[in-house]
Every structure is written in structure tokens, then in C-alpha cells.
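Residue-level structural notes
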Amino acid sequence: MQEWLTRYPASKIRVVVGMLKDKSIVETLAPLSSLNAQWYLASTSGPRGCDASVLAGALLDAQLDKTCTQTFFDVTSAYKAARNDYHEGELILVFGSFVTVAEVLDCTNANEQQ
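Residues numbered from 1 in each chain as written. Predicted model: local features only at pLDDT ≥ 70, side-chain atom pairs only at ≥ 80, totals over all residues. Heavy atoms only, no water.

Right, let's talk about the confidence of the model for the protein chain for a bit. Of the residues in the protein chain, 96% reach a pLDDT of 70 or more, and the chain-wide mean stands at 90. Across the protein chain, strand 3 (residues 69–72) holds the top mean pLDDT of 97, while helix 1 (residues 2–7) sits lowest at 75. (pLDDT = per-residue confidence, 0-100. Helix = DSSP H or I, 4+ residues; strand = E, 2+ residues; numbered from the N terminus.)

What follows concerns the side chain of Ser-43. The residue Ser-43 is located in the loop between strand 2 (37–42) and helix 3 (52–61) in this model. For Ser-43, a relative accessible area of 12% corresponds to the buried category. Side-chain polar atoms of Ser-43 contact the backbone nitrogen of Ala-52, separated by 2.9 Å. Once residues within four sequence positions are removed from consideration, Ser-43 is found in contact with Cys-50, Asp-51, Ala-52, Phe-72, Phe-73, Asp-74 and Val-75. (Buried < 20%, exposed > 50% of the residue type's maximum accessible area, 1.4 Å probe, protein only. Polar contact = N/O pair within 3.5 Å; in protein donor to acceptor, adjacent residues only side chain to side chain. Contact = heavy atoms within 4.5 Å.)

Counted under the stated rule, the structure contains two salt bridges. Close ionic contact of Arg-14 with Glu-90 constitutes a salt bridge, the shortest N to O distance being 2.7 Å. With Arg-14 in strand 1 (residues 13–17) and Glu-90 in the loop between helix 4 (75–85) and strand 4 (91–95), this residue pair connects regions lying 76 residues apart in the sequence. Judged by relative accessible area, Glu-90 falls into the buried class, the value being 11%. One salt bridge connects Asp-22 with Arg-48, and the closest N-O pair in it is separated by 2.8 Å. (Salt bridge = Lys/Arg side-chain N within 4 Å of Asp/Glu carboxyl O.)

This is the structure in C-alpha cells:
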């Protein structure tokens, strides 16, 4: 994914990520920390849910500047913030868990039906 993203013609990437705590968080996020990106870190719920502060810590450990991250209580809030900050020519990337992607798809589908 990192290789593809470095070739994608976007002026900036807005990354919405929410992960489950039993996944390889550091190994997943660290390779992407060098992207020209703003990170929207979402807490996920349930027994396997992971707090957004854990994701932020993994990115800070990978030397990402703290000003490039924002934490959110849930995926929907993170995605809405990324949408609000979006400018033409940018890319919004959502990943981390099927749960995360499903929540964003639900949010997008709800907006289309309005």
C-alpha cells in the first residue's frame, strides 16, 4: 500500500484509521508514517476495540509529528472530520479493520440517501 500511495497523484492524504487491539498496530502504521498525510485516528468499540491514543502512540514512536494526528471517539467522527478538511486533489484513505471500513461505508450510504 505504501508504494502505491507514494505514486498516487494526491497533494495530501487524509488517513482515517481504526484498528482492533489484537492486530499488529506498530507494524501496520510505522511504514506509512512517512507519507504526506494528516491522520484521523479513531477508537473502535467492543471487546477487541482499540483506543485512538494507542494508534497515536504507535505513530509518535515512528517519529511522526504530533501535529499530524487527531484522535476521535469513533470512526464516524474521524471520517466526518477528514471530509470537512478535504480539499480538491487530496485523497481520503480509510483502513485498519473491516469494522472501520464498514462504519465509513454506512456513513457514506446514509449521506447519499439524504
